[in-house]
Amino acid sequence: MIEKGRISALQMAIIIYPTIMATAILLVPAITGKFAKQDMWLSPIWASFAGFLSVYIAQQLNRRFPGQTVIQYSGKILGWIPGKITGFVFLFFYLHTNGIVLREYGEFVVGSFMTKTPMIVVIGSMVLVCAFSVHGGLEVIARSAEFLVPVVIILLLVIVILLIPDLEPKNLYPVMEKGIMPSLKGAVVPSSWFTEFFLISFLLPFLDKKEKGLKWGMISVFAVMLTMVVTNLFSLFLFGDITATFTYPVMSAARYINLADFLQHLDSIVMAIWVSGTFIKISVFYYAIVIGTAQWLNLSDHRPIVFPLGFLLVLVSIWSAPNLQELTHSLSTTWPFYAIFIQTIIPIVLLLLAVLCKKTSKKPN
């Protein structure tokens, strides 16, 4: 086994929480509001079913193939050549996804704060920091998440509490004025974020108590769903029908805070949340790409390919979209179907074939 480190199921939940939330907290409220209007707070609830399903599938596959990731057991289920092709599809998807996450990070930082800094510098510096984290292994990422996630949650709560005097709960009404369909349409995009919970297939083999993986995976899905519901509610209460017109509603909300003309423009809090959460998210995707590539190539050590793949990530992030508008349009149209196909449909097929063909592996590789 390439990775020698071990983490607890709780650490896995702490790692995966910002992996989903980091980008969702800024982009999803606007995209969801476009389709669901005042029912946007319901959309994460429907979308979370994709997360619960992804965790269950990943756990069931891990139970049948303990100590193996999806890159490894794809070959056991489908055969050598189809398994290699499936593994490559997963690796390309995660490389592409992480490139888009990096681009979102770069667009946000350059567009909102460091307007004169070349985007390649912002993206490259983040990749370099994440590369050191991935090079250190899964335990390093877990300890980083244990330190940063509580800080992110506290800062998010600070924004929520400071916004309470400016909220208008009446913006919530009428609930389901046009039935359930608007909230279901609004759930399509966030469901693509929830499918990212399948990333735990790269974490489950390294749990010290694997029997707790399903429980803490489900708890993490619920925590993400609750956070997205609260974020959408507060965006709706504050901005009402114009929520969808903001690119980053949470950032705009932080700028809206004014406490006795003393505490104003708390952009730095959103920046801290974004950078901390994005660091964990990029590191986890990066780790999956590195470990998966090492397994796909049958390497004995993953560390030599960390920095070359980091360079490739920077290139993909620049290539992924010409600008923020095109990127947002892609995320709200074609991306959900792409993500659901790779991270939900293919794993379901793998699990069904494993069950029907009674394929298991009792010994970890």
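Just so we're clear, the structure is a prediction, and the values are computed from it rather than from any experiment. (Residues numbered from 1 in each chain as written. Predicted model: local features only at pLDDT ≥ 70, side-chain atom pairs only at ≥ 80, totals over all residues. Heavy atoms only, no water.)

S.K.: Just to check I follow, could you spell out the overall build of the protein for this structure?
M.R.: Looking only at helices and strands, the protein has 13 helices and 2 strands in total. Taking 21 Å as the expected radius of gyration for a compact globule of 365 residues, we find that the protein reaches 20 Å, a close match to that expectation. By its C-alpha atoms, the protein is 60 × 45 × 35 Å across when sized along the principal axes. Out of the 365 residues in the protein, the part that is buried amounts to 59%. Sequence separation of at least 24 residues holds for 86% of the intrachain contacts in the protein that already meet a minimum separation of 6. For the protein, the accessible area works out to roughly 15,400 Å², and carbon and sulfur atoms hold 69% of it. (Helix = DSSP H or I, 4+ residues; strand = E, 2+ residues; numbered from the N terminus. Rg over C-alpha atoms; globule rule 2.2 N^0.38 Å. Buried < 20%, exposed > 50% of the residue type's maximum accessible area, 1.4 Å probe, protein only. Contact = heavy atoms within 4.5 Å. Areas by Shrake-Rupley, 256 points an atom, 1.4 Å probe, with all protein chains shown as cover.)

S.K.: I would appreciate a short explanation of the pattern of salt bridges in the present structure.
M.R.: Side chains that differ in sign of charge can pair as their charged atoms come close. On inspection of all chains with the given rule, the structure shows 4 salt bridges. Among the salt bridges present, the one from Glu139 reaches Arg143, with a minimum N-O distance of 3.7 Å. In this pair, Glu139 and Arg143 are both assigned in helix α6 (residues 138-163), 4 residues apart and thus about one turn of the helix distant. Under the relative-accessibility criterion, Glu139 is labelled partly exposed at 28%. For Arg143, a relative accessible area of 53% puts it in the exposed group. (Salt bridge = Lys/Arg side-chain N within 4 Å of Asp/Glu carboxyl O.)

S.K.: Would you mind showing me how to read the nonpolar core here?
M.R.: One broad rule of soluble globular proteins: the nonpolar side chains tend to lie buried together. Ranked by internal contacts, the top residues of the largest apolar core, which has 127 residues, are Phe90, Tyr94, Phe108, Phe194, Phe198 and Tyr286. With 17 residues, the single largest contributor to this core is helix α10 (residues 267-296). Apart from residues lying up to four places away in sequence, Phe90 is in contact with Val70, Ile71, Phe198, Ile342, Ile346, Pro347 and Leu350. (Core = buried A, V, L, I, M, F, W, Y, C linked by side-chain atoms within 4.5 Å.)

S.K.: Explain the side chain of Ser43 to me, please; I cannot follow it from the model alone.
M.R.: Here Ser43 is to be found in helix α2 (residues 43-64). Filtering out sequence-adjacent residues up to four positions away, Ser43 remains in contact with Thr32, Ala36, Ser183, Gly186 and Ala187.

S.K.: Before we go on, may I ask you to explain helix α11 (residues 306-319) in this structure?
M.R.: Residues that lie three or four places apart on an α-helix share one face, since the helix turns once every 3.6 residues. Helix length check: α11, at 14 residues, gives a terminal C-alpha distance of 20 Å against a target of 20 Å (1.5 Å per residue), a fit within 8%. For α11, the complete set of buried residues consists of Val306, Leu309, Gly310, Leu313, Val314, Val316 and Ser317. Summarising the axial view, the buried residues of α11 lie within an arc of 165°, below the 170-degree limit, and thus occupy one face. Away from the buried face of α11 by more than 90 degrees, exposed residues Pro308, Phe311 and Trp319 are located. (Expected span 1.5 Å × (residues − 1). Arc of directions from axis to C-beta.)

S.K.: For this particular structure, what's the right way to read the environment of Val89?
M.R.: Examined against the element boundaries, Val89 turns out to sit in helix α4 (residues 80-112). Residue classification places Val89 among the partly exposed positions, given a relative accessible area of 29%. On a C-alpha basis, the gap between Val89 and Ile71 in space is 9.6 Å, while along the polypeptide they are 18 residues apart. Aside from chain neighbours lying at most four places away, what touches Val89 is Ile342 and Ile346.

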